[in-house]
Amino acid sequence: AQSVAQPEDQVNVAEGNPLTVKCTYSVSGNPYLFWYVQYPNRGLQFLLKYITGDNLVKGSYGFEAEFNKSQTSFHLKKPSALVSDSALYFCAVRDMNNNAGNMLTFGGGTRLMVKP
Amino acid sequence: DAGVIQSPRHEVTEMGQEVTLRCKPISGHNSLFWYRQTMMRGLELLIYFNNNVPIDDSGMPEDRFSAKMPNASFSTLKIQPSEPRDSAVYFCASSFRQARRSPLHFGNGTRLTVT
């Protein structure tokens, strides 16, 4: 079984400050990890993914995420937050070795609020 | 690329009525997923298809819900009869079955309100 935990329902940060949105995962094999962002009245949009290789992954809109195998974490980061980054963020995992299909398991989401 | 297209964007109906939600996946994608999003339960996977065949429908809440994919370019999610607790945003997503590294591509959802 695969699962994802996002321990924070909401993260508040001031514009210009660095932000971190936390994610931990559990899979039986090796993970494929994804971050998505959801703006109001829109579907989820892909931000970035970790497949293999460099543990620091760079994605859209200046976001990056760090894969940490020992801590089973994949935290989303940005050096300098913008008000326009305010949205709902979802972490997701797919077991690389799962032959049951390509189903993604999503976390519960974290609402990021960036204040001017 | 038009992306995943869902219709209608909004649906308001009365309890007991039949509701049909529609989805057109991205051309060439052979996996299709239906999700439901609510404040209380977050994002829930209802059912997914590979090559038009339902693979896992364990997330479908009850027999009132049914989903079909008659061809590679169209899927429906039907609720009959609808109940107020079905009110939610329903998302369709698609991807390549063989490309496990690929992300899902989501439509903009159908906001369903059952009164």
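Residues numbered from 1 in each chain as written. Chains lettered and ligands numbered in written order. Predicted model: local features only at pLDDT ≥ 70, side-chain atom pairs only at ≥ 80, totals over all residues. Heavy atoms only, no water.

Let's talk about the overall build of chain A
Here is step 1 of the chain: The helix and strand inventory of chain A stands at 0 helices and 12 strands.
Here is step 2 of the chain: In sequence order, the secondary structure elements of chain A are arranged as β-β-β-β-β-β-β-β-β-β-β-β.
Here is step 3 of the chain: Against the globule reference of 13 Å for 116 residues, chain A gives a C-alpha radius of gyration of 14 Å, in line with a compact fold.
Here is step 4 of the chain: Dimensions of chain A along its principal axes, counting C-alpha atoms only, are 45 × 30 × 20 Å. (Helix = DSSP H or I, 4+ residues; strand = E, 2+ residues; numbered from the N terminus. Rg over C-alpha atoms; globule rule 2.2 N^0.38 Å.)

A word on the nonpolar core
Here is step 1 of the chain: A:Trp35, A:Leu47, A:Leu48, A:Phe74, A:Leu76 and A:Tyr89 are the most contacted members of the largest nonpolar core, which totals 27 residues.
Here is step 2 of the chain: Where this core is concerned, the elements lending two or more residues are strand 2 (10-14), strand 3 (19-21), strand 5 (31-38), strand 6 (44-50), strand 8 (64-68), strand 9 (73-78), strand 10 (87-95) and strand 12 (110-115) of chain A.
Here is step 3 of the chain: No other element matches strand 10 of chain A, which puts 4 residues into this core.
Here is step 4 of the chain: Discounting residues that sit within four places of it in the chain, A:Leu47 has contacts with A:Trp35, A:Tyr36, A:Val37, A:Gly59, A:Ser60, A:Tyr61, A:Phe63, A:Leu76 and A:Tyr89.
Here is step 5 of the chain: Core analysis: the second largest hydrophobic core is formed by 21 residues, B:Cys23, B:Met69, B:Cys92 and B:Leu112 among them. (Core = buried A, V, L, I, M, F, W, Y, C linked by side-chain atoms within 4.5 Å. Buried < 20%, exposed > 50% of the residue type's maximum accessible area, 1.4 Å probe, protein only. Contact = heavy atoms within 4.5 Å.)

A few points about the state of the cysteines
Here, disulfide denotes a covalent bond that connects the sulfur atoms of two cysteines.
Here is step 1 of the chain: In total, this model carries 2 disulfides over all chains according to the counting rule given.
Here is step 2 of the chain: A sulfur-sulfur separation of 2.0 Å characterises the disulfide bridge that pairs A:Cys23 with A:Cys91. In this structure, the disulfide formed by A:Cys23 and A:Cys91 twists by about -65° around the S-S bond and is classed as left-handed. With A:Cys23 in the loop between strand 3 and strand 4 (24-26) and A:Cys91 in strand 10, this residue pair connects regions lying 68 residues apart in the sequence.
Here is step 3 of the chain: On the accessibility criterion, A:Cys91 (0% relative accessible area) is buried.
Here is step 4 of the chain: Linked covalently through their sulfurs, B:Cys23 and B:Cys92 form a disulfide whose S-S length is 1.9 Å. Across the S-S bond of B:Cys23 and B:Cys92 the torsion is about -65°, and the bridge reads as left-handed. With a gap of 69 residues between them, B:Cys23 in strand 3 (residues 19-24) and B:Cys92 in strand 9 (residues 88-95) connect regions that are remote in the sequence.
Here is step 5 of the chain: Note on B:Cys92: relative accessible area 0%, which makes it buried. (Disulfide = S-S within 2.5 Å.)

Side note on the environment of B:Cys23
Residue and element names in this part refer to chain B.
Here is step 1 of the chain: Residue Cys 23 is classed as buried on the basis of its relative accessible area, which comes to 1%.
Here is step 2 of the chain: Once the C-alpha coordinates of Cys 23 and Cys 92 are considered, the two residues, 69 residues apart in sequence, prove to be 6.3 Å apart.
Here is step 3 of the chain: Beyond its immediate chain neighbours, meaning those up to four positions away, Cys 23 contacts Val 4, Ile 5, Leu 32, Trp 34, Ser 73, Phe 74, Ser 75 and Cys 92.

Quick notes on the sheet that holds strand 7 (residues 65-71) of chain B
Residue and element names in this part refer to chain B.
Here is step 1 of the chain: In spatial order, the strands read 1-3-8-7; together these 4 strands make up an open sheet with antiparallel pairing. Looking at which strands have only one partner, the edges of the open sheet turn out to be strand 1 (5-7) and strand 7. Within this sheet the neighbouring strands show an average axis-to-axis angle of 15°, counted without direction.
Here is step 2 of the chain: With 5 bridges joining them, strand 3 and strand 8 (residues 74-79) adopt antiparallel strand pairing. Across the sheet, the residue bridging to Thr 20 is Lys 78, located in strand 8. (Pairing = 2+ DSSP bridges. Axes fitted to C-alpha atoms, helices over the stretch in contact; angles between N-to-C directions.)

As for the interface of chain B and chain A
Here is step 1 of the chain: In this assembly, 25 residues from chain B lie in contact with 24 residues from chain A.
Here is step 2 of the chain: Carbon and sulfur atoms make up 49% of the surface buried where chain B meets chain A, a total of about 1,900 Å² over both sides.
Here is step 3 of the chain: Applying the counting rule to chain B against chain A returns 0 salt bridges.
Here is step 4 of the chain: Remark: the boundary between chain B and chain A carries 5 residue pairs in polar contact (both at pLDDT 80 or more).
Here is step 5 of the chain: Those elements that provide at least two residues to the side of chain B that touches chain A are strand 4 (31-38), strand 5 (42-50), strand 6 (53-56) and strand 9 of chain B. (Buried area = accessible area lost by both parts, 1.4 Å probe. Salt bridge = Lys/Arg side-chain N within 4 Å of Asp/Glu carboxyl O. Polar contact = N/O pair within 3.5 Å; in protein donor to acceptor, adjacent residues only side chain to side chain.)

Some details on unusual backbone geometry
Here is step 1 of the chain: Looking along the chain, the bond that leaves B:Ser7 and enters B:Pro8 is cis, with omega of -10°.
Here is step 2 of the chain: Its location among the elements puts B:Pro8 in the loop between strand 1 and strand 2 (10-13).
Here is step 3 of the chain: Geometrically, the link from B:Gln80 to B:Pro81 is a cis peptide bond, its omega value of -5° lying close to zero.
Here is step 4 of the chain: Positive phi, normally seen in glycine, also occurs at A:Tyr61, with a value near 60°.
Here is step 5 of the chain: Following the sequence through the fold, A:Tyr61 ends up in the loop between strand 7 (56-58) and strand 8.
Here is step 6 of the chain: Phi is positive for B:Asn51, close to 50°, though the residue is something other than glycine.
Here is step 7 of the chain: Position of B:Asn51 relative to the elements: it lies in the loop between strand 5 and strand 6.
Here is step 8 of the chain: For B:Asn51, a relative accessible area of 47% puts it in the partly exposed group.

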